[in-house]
Structure formats: C-alpha cells, structure tokens
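These are the residues of each chain, in order.
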Amino acid sequence: MSVFTEETRERAREIIARYPADRSRSALLPLLHLVQAQEGYVSPAGVAFCAEVLGLNKAQVGAVATFYTMYKRKPTGDFLVSVCTNTMCNVLGGQEVYDTLSAHLGVGHDETTADGTITLEHAECLAACDYGPVMTVNYDFFDGVDSSTAVGVVDELRAGGRPMPTRGARLCTLKEMAVQLAGFADERDGAVADGGPGEPTLRGLRLAQQHGVSVPGFDPNTPIRSKAEADKAAAEAKAKAEAAKPAPVEASAAPVKGGDGASAPTPGNAGVGEPAPAAAATGSTAPDVKAPDDKSPQVRTAETRQPDAGTAVPDAPGTKVPADGTAPAARDAQPAEAAGVAANPPAGDGKPAGDEAGAQERNLTEAKAGTDADGAGPADANETGAQK
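Residues numbered from 1 in each chain as written. Predicted model: local features only at pLDDT ≥ 70, side-chain atom pairs only at ≥ 80, totals over all residues. Heavy atoms only, no water.

Novice: Before we go on, may I ask you to explain the pattern of salt bridges in this structure?
Specialist: In a structure, side chains of opposite charge can pair up when their charged atoms sit close to one another. Across all of its chains, the model carries ten salt bridges by this definition. D143 is the partner of R167 in a salt bridge, and the nearest nitrogen-oxygen pair spans 2.8 Å. Within this pair, whereas R167 is found in the loop between α7 (147–158) and α8 (174–181), its partner D143 is found in the loop between β5 (140–142) and α7, the two being separated by 24 residues in sequence. Each member of the pair, R167 together with D143, is buried. For E242, the salt bridge goes to K245, with nearest N and O atoms at 3.6 Å. Residue K245 is classed as exposed on the basis of its relative accessible area, which comes to 52%. What you see here is one network of salt bridges that share partners, running through E6, E10 and R13. (Salt bridge = Lys/Arg side-chain N within 4 Å of Asp/Glu carboxyl O. Helix = DSSP H or I, 4+ residues; strand = E, 2+ residues; numbered from the N terminus. Buried < 20%, exposed > 50% of the residue type's maximum accessible area, 1.4 Å probe, protein only.)

Novice: Explanation requested: α8 in the structure shown.
Specialist: Each α-helix turn comprises 3.6 residues. Residues three or four places apart therefore point the same way. Of the residues making up α8, those classed as buried are L174, M177, A178 and V179. In the core, the buried residues of α8 are packed alongside α1 (6–16), α2 (28–39) and β1 (79–84). G183 sits one or two residues past α8 and shows a positive phi near 105°. (Contact = heavy atoms within 4.5 Å.)

Novice: Even after reading the chapter, I still don't get the layout of surface pockets, so can you show me in this structure?
Specialist: One number sums up the size of the largest pocket: a volume of about 340 Å³. Contributing to the lining of the largest pocket are 20 residues, with Y68, T69, M70, K72 and E121 lying nearest its centre. Considering each element in turn, the lining of the largest pocket owes the most residues, three residues, to strand β3 (residues 118–123). In terms of residue class, the lining of the largest pocket is built from eight nonpolar, seven polar and five charged. (1 Å grid on protein atoms, 1.4 Å probe; cavity = no way out; pocket = protein on both sides within 12 Å on 5 of 7 lines; lining within 4 Å. Points joined across faces, edges and corners; volume = space filled by probe spheres on them. Nonpolar A, V, L, I, M, F, W, Y, C, P; charged D, E, K, R; others polar.)

Novice: What should I look at first to understand the side chain of R167 in this one?
Specialist: For R167, a relative accessible area of 15% translates into the label buried. Among the polar contacts listed, one links the side chain of R167 to the side chain of D143, at a separation of 2.8 Å. (Polar contact = N/O pair within 3.5 Å; in protein donor to acceptor, adjacent residues only side chain to side chain.)

Novice: Got a minute to help me understand the packing of aromatic side chains in this structure?
Specialist: Remark: the centre distance and the inter-plane angle together describe each pair of aromatic rings, the angle taken between the planes. Under the defined criterion, the tally for this structure stands at three aromatic pairs. Look at F4 and F49: their rings are 4.7 Å apart centre to centre, the planes differ by 35°, and that puts the pair in the tilted class. Note that F4 is positioned in the segment before α1 and F49 in helix α3 (residues 44–54), a separation of 45 residues in sequence. In this pair, the class of F4 matches that of F49, namely buried. Each ring, one from F67 and one from Y68, has its centre 4.9 Å from the other, and the planes form 80°; the classification is edge-to-face. Ring pairing ties together the aromatic residues F67, Y68 and Y71, which thus form one cluster. (Phe/Tyr/Trp six-rings, centres within 6.5 Å; stacked < 30°, edge-to-face > 60°.)

What follows is the structure, encoded as structure tokens:
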C-alpha cells in the first residue's frame, strides 16, 4: 500500500494541472516539496511517487532531488537550523555560532538531535550579509545572532515554543513549510500576521525616496496581462509593423542604360554566349557577395579568438583568418593545445574516452581465467569481472 494519502495524491493532481499538458514534468519541483511535506524528507518511496504521477523514471527524479539542498534525503527534524558560515558572517562570528550550537546539541552538520526536533547545518550563504551573523529556522531569519542568542532559540524550540523570527512570518515546522513551497497557502490562524522588512533592507528605499531616484515610467499599478492578452498584443504589433513596410518596387519594363549610354541587356534578352547580368536594376555584372553574417562557423570562431586578425600582419602565424576551413588558434595557446591533443587521443566507438584497451583486455583475461579454473558459467564470470 502506498505511504501517500489520498489528500497528497489530490494535491499532486492539482499541482500538475497548473502546467500545460505537454509540460507536466515542470511540476517536479513542487511535487518533491509535497512528498517532503508528508514524510519530512524525500524518501525512495517519494521518488517513486513523483516518477509515477509524472510518467518519468526514478533516475530522472532522483537527479533533481539530489541536486537541490532543500530536498532532504534522510529523515529531518521538525526545525532545520541553518547557520551561515560564509565570508561575511564568518568574519562577524558565524563559525563560532555554529560550533557552539554543534556542541550544545551534540550533533554535527546535517545531523538530527535524538528527540527529532532539530537538524543542524552550516550554510554557505543565506543572502543576508547586511544582517550578519545570521541563522535561519526553516528558512525564516534570525539576524545578528551570537552564540548565546542562538542557543536560546534552539532551547525554546526543543521546549515546544515558537520564537519569533527577526523578519518573516511565524515559525512553522519543516513539513508545514514544505506544503507552502509546494504552492499551497499556510492555513494556520494568523500565520502571516507578523513580520516585516528589516531596517537595512529599507535603507536603500529611503535613500531613493530622499533623492528622488526612481525607474523612468514606472507604474506600480500596471496590470499583469494574461498570456492570451500578451499574445494578442504581440500579434497586433506584428501586423502593424508589416503594414508599415514599403511596398516592393516592381521592375521597370524600360531598358536600363549602361555606363556608355547603350541599353543594357536584360536577363531574359542576354545574347547567346553572353553572361546574364547580376543586377539588371543597376547594370552591375559583379558576382553576388554573401551577407556579412553569412560566415562559416570556423571563420566566426577565428574572429572571436582574434578580433584584430583583420588588421594583423598578413600571413603572420596564428593571425590569418581563412575564408573557410580550420580556424587558427592563438599563438600562445598552440603549444598547450598540441600537448593536450597528444595526451588525450580521441575515443573510438569501442570504448569510453580515457579508458585504456590494456585494462579492458586484462579484466577480460582474468574473468576468463576464473571461469576456466572453477567452471563458473558466463553469469558468474561477468559478476567476477565486475567485482574485480
């Protein structure tokens, strides 16, 4: 029987319905939050559930779940306490705060207390350098903490309390927070009644107001158009642009005078053995020239590497841009590239890059020798080779 309730499945269907039918896999991120909201982490069963409802395989789901740190792959406490130990907070004492909490709780990074209340982790950056040192509880901020205040916060959490964050709404558990990240409202009474921006955050706004700095033409009341309205406006703009284009000029039937005053032949009247003119309207017989942007990828690469190649000394090594063919390398890079090519021969179709044929042959020989010695079958030999 599935570990996921019917309510979870109904919410999963609601999440998937938010996306176009041919883009349902885009619902994977909120679905991972949804399964974490029920189990407290993304379990193997949660991975299988997401794969089932989206029609993906478990490897595809697991690749996403293991990439983002907000998805926990083992049981996590009710409150995730994250202490910033990156440069700014570290200078201001972040590492001391983390070390004190680690000793006080008896856990290390990504470990949970025995009562299942607190999971501690150090964070590389919490994007609040102007409030450092900072720590978050389920991603709500506690600003300007020190060792003493941090210990007070976790002790209150373990005692069943809900300390008020410096900024943001009232604290919730990790599971309650995951429901919100999945895209559902926080249904707790007065859940978002508190909080507010901090003084450093408002400082820039107040300076802008004081000096009259604003975005030109900015209207905060501008409505956000729906996709249908945006598509309609784009179609109207395109039609207007097409209508504004000048009508094509029809070719004149009158003969065009050449440079000597004689009538220039038209393409349809060119004499036998005479080349047809390239441009009857101008009388020019010059061949067509490709547009500047119509260049081979090799020439584009060469010009990107050596933008001054057009003004360099003709035929200087590493500077001439060919009309086509292999792009030249910068002179100072040629020895390094040559050494790299010599040390890394291209892989053939028979083996991955970097593998040596000798190692493969040795494994096959050892596997065959083991088969001949003990009489093991092909399946046993393959297993022996894999173990070796």
